[in-house]
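Residue-level listing of the chains:
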Amino acid sequence: MHDIKWIRENPEAFDAAMAARKQEITAERLMNIDVERRKLMTEHQEMLARRKAISGEIGMLRKKGENADDLMAEMGTLKDKIKEAEDGQAALNEQLDLLLSSFANILDPGVPVGDDEDDNVEVNRWGTPAEFDFKPLEHFEIGEKLGMMDFETAAKLSGSRFVILRGGLAKLERALAQFMIDLHTSEHGYEETVTPMLVRDDAMFGTGQLPKFAEDSFKTTNDYWLIPTSEVTLTNQVAGDIIDQAKLPLRYTALTQCFRSEAGSAGRDTRGMIRQHQFSKVEMVSIVEAEKSDEELTRKTRCAETVLERLGLPYRTVILCTGDIGFSACKTYDIEVWLPGQGRYREISSCSNTRDFQARRMNARYRAAGDKKTQFVHTLNGSGLAVGRCLIAVMENYQQADGSIRVPDALKPYMGGLEVISPR
C-alpha cells in the first residue's frame, strides 16, 4: 500500500520506483484522482457548514413568524448536493485505494537491476557439494525405490501435485519440521505459534495476496481462503493494533500446511515434490521498528541459513533482482540448497523486508513511550524452511549407492534411533 502524501511530495521518485518494477502507473495519474477527491472533500465540508447555518436561520425566522420557504428550498437542494458529493468521494476513495494497493512495493536502492532469476546476485555460499561414486538420483526416484513416496495414489485421491509419504520418509519430514521449530524457538528467539489455516479477505489483503494474486490461492465455497503461507496469519496478528514500542520486536514462528494453486506453473517441476498444491513450511515473521528492519532482514536470513548448516546441506544465498522480487517485498534474499540429483541449487527459503508496505494495508502501528504520534511498524517474513524441499535436499545429499538415506546427525534425536532409511 502506498502513501499518497509521499507520492504528492516525491512524484519523480515514485515514477522511477514503478519503472524499476516495470509497472505502468504514474504519480500524475494518482495525483489527479487525489486532487479531485480533495476538491470534493472541501466542497462537502463547505456544504455541511452552509446546511448548519441555514438550519439556524430557519429556526430564527420561524420564531419570528417569518417566511422561510426560500431557505427550505435551498436546504433541499443542499441535501441532494451533499449526497452527490459523498457518493463522489466514496467512488474516488475506492478508485484511489484500489490503485494504491495494486502496485508493488518500492524497492530498496541496493536491489540489483535484472529481468529474471538469472540476474540475481550471489552474496554468500556455504559448504561443498559432495562427490558420489555413483550417479546421484533425484528425490522422486529415491522415494519411489524406497516404496515411501507415492504420487500415483495421491493423484487418485487429489489429482496432480500431491504426494503421500510413508514410513521412514514420513518420519523424516516430521523430524525436519520439529528440528526447525526447536531451533528457531530455543536459539533464535521466535515464539512458537499455532494459527488458523483458513482466513478472511482482510487477512489476505493485509499481506498483499489480494486483490492482485487471488488466482494463486484456493478459496472455499463459504468465502474463506486457504493460507498460501503462515506469513498471512502471523503478520495479521497485529492488524489494526497500536503496539507499545517497548514490546518490539515481535518474532513469531509457525509450522503449517500451506496451499497454493500454482497458477501459471504448467510444465514446471511436474515430477516430484518441488512444486506442490499442499506442503508443510516453517515460517518466521518479525514486527519491528522502522529503523531496525534492515538489520532484522540480515538476522532472519542467518536464522534460515543456520538450519541448512546444522543439517550439513550446501547452499548459496542470492539477493533477488528487480525482475524476480515479490510484490510486497522491498528487498529479498533467497537461499538455494544444492540438489545433487538435479546438479544445481534450488530455492528453499525467501527472506523479505516489506518495510511499512504491509503495515499500511493492515493499519498496524507502534507508539514510543510518551509520544502521541504513531508510526507504521515494519514487517518481515522468511521461510525457515520449506519442509518438503528440505526433505528433498536431505534425500538427495544423504543418498547412498544401495538406495538408502543416511539420517543427518542433527535429526537423529528426532528419529527414534533410526539412522538409515532403507528400502522396504
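Conventions we followed
Residue numbers restart at each chain and count upward from 1, following the sequence in its written direction. Residue-level local features of this predicted model are given only where pLDDT is at least 70; pairs of side-chain atoms are given and counted only at 80 or more, and the full residue set underlies all totals for whole chains, interfaces and linings. In computing side-chain properties, one takes all heavy atoms of the structure into account and sets aside hydrogens as well as water. Paired strands are those between which DSSP finds at least two bridges. By definition, any uninterrupted DSSP run of H or I lasting at least four residues is a helix, any uninterrupted run of E lasting at least two residues is a strand, and each is numbered from the N terminus. Here a residue-residue contact requires only that any non-hydrogen atoms of the pair lie within 4.5 Å. Only C-alpha atoms enter the line fits that serve as axes; for helices the fit covers just the stretch in contact. Angles between N-to-C directions range over 0 to 180 degrees. By the definition used in this description, the sense in which the near helix is turned from the far one sets the handedness, with an anticlockwise turn below a right angle giving left-handed and a clockwise turn giving right-handed. In this count, Pro and Cys sit with the nonpolar residues alongside Ala, Val, Leu, Ile, Met, Phe, Trp and Tyr, while Asp, Glu, Lys and Arg are called charged and the others, Gly among them, polar. In summary, the pairing rule links any two rings of Phe, Tyr or Trp, Trp by its six-membered ring, whose centres are within 6.5 Å, and it sorts them by plane angle into stacked for under 30 degrees, edge-to-face for over 60 and tilted for everything else. The cut-offs for exposure are 20% and 50% of the maximum accessible area for each residue type, with area from a 1.4 Å probe on protein chains only; residues under the lower value are buried, those over the upper are exposed, and the others partly exposed. Here, a charge over a ring is recorded when the distance from Lys NZ or Arg CZ to the ring centre is within 6 Å and its angle to the ring normal is within 35 degrees. UniProt positions are given in the numbering used here, feature names are shortened, and annotations may be inferred rather than shown by experiment.

Novice: Sorry if this is basic, but what is going on with the sheet that holds strand E1 (residues 121–126) here?
Specialist: Paired through backbone hydrogen bonds, the strands of a sheet run either parallel or antiparallel to each other. Spatially, E1-E10-E11-E12-E15-E9-E8-E4 is the arrangement adopted by the eight strands of the open sheet, whose pairing is mixed. Only two strands of the sheet have a single neighbouring strand rather than two, namely E1 and strand E4 (191–192). Across nine bridges, strand E11 (residues 331–339) lies against strand E12 (residues 344–353) in antiparallel orientation. By the bridge assignment, Trp-338 is partnered in E12 with Tyr-345. Here helix H10 (residues 293–311) sits on the sheet and contacts E1, strand E8 (250–259), strand E9 (278–288), strand E10 (315–319), E11, E12 and strand E15 (378–386); the angle it forms with E15, its principal contact strand, is near 5°. Docked against the sheet, helix H12 (residues 387–397) engages E8, E9, E11, E12 and E15, running at close to 40° with respect to E15.

Novice: In this structure, what is going on with the packing of helix H7 (residues 167–186) against H12? I would like to understand it.
Specialist: Each pair of packed helices can be described by the angle between their axes along with the distance between the axes. At a minimum axis separation of 9 Å, H7 and H12 run at an interaxial angle of 115°. Note that H7 runs across H12; the crossing there is right-handed. Packed against H7, whose contacting residues are Leu-169, Leu-172, Glu-173, Leu-176, Ala-177 and Met-180, the element H12 presents Val-387, Gly-388, Cys-390, Leu-391, Val-394 and Met-395 at the interface. For the contact of H7 with H12, the residue count by class is ten nonpolar, one polar and one charged.

Novice: I tried to follow the packing of aromatic side chains on my own but got confused; where do I start?
Specialist: Two numbers describe a pair of aromatic rings. These are the distance of the centres and the angle of the planes. Applying the stated criterion across every chain, the model contains six aromatic pairs. Geometrically, the ring pair formed by Phe-179 and Tyr-414 is edge-to-face, given 6.3 Å between the ring centres and 75° between the ring planes. Taken together, the residues span a long stretch of sequence, with Phe-179 in helix H7 and Tyr-414 in the loop between strand E16 (405–406) and strand E17 (420–421) at a distance of 235 residues. For Phe-179, a relative accessible area of 7% gives the class buried. Looking at Arg-361, its charged tip hangs above the ring of Phe-205, at a distance of 4.2 Å from the centre.

Novice: Sorry if this is basic, but what is going on with the UniProt feature "binding site: L-serine" (unreviewed entry) in the protein here?
Specialist: UniProt feature "binding site: L-serine" (unreviewed entry): in the numbering of this structure it lies at Thr-229, Ser-230, Glu-231, Glu-283 and Ser-383. A stretch of 155 residues holds the annotated residues, and the largest C-alpha distance among them is 9.7 Å, short enough that they meet in one place. Looking at the element boundaries, Ser-230 is found in the loop between strand E6 (225–226) and helix H9 (231–235). The topology assignment puts Glu-231 in helix H9. Taking the relative accessible area as the measure of exposure, Glu-231 reaches 10% and is therefore buried. When residues no more than four places from it in sequence are discounted, the contact partners of Glu-231 are Thr-207, Gln-209, Asn-236, Glu-283, Val-285, Gln-358 and Asn-381.

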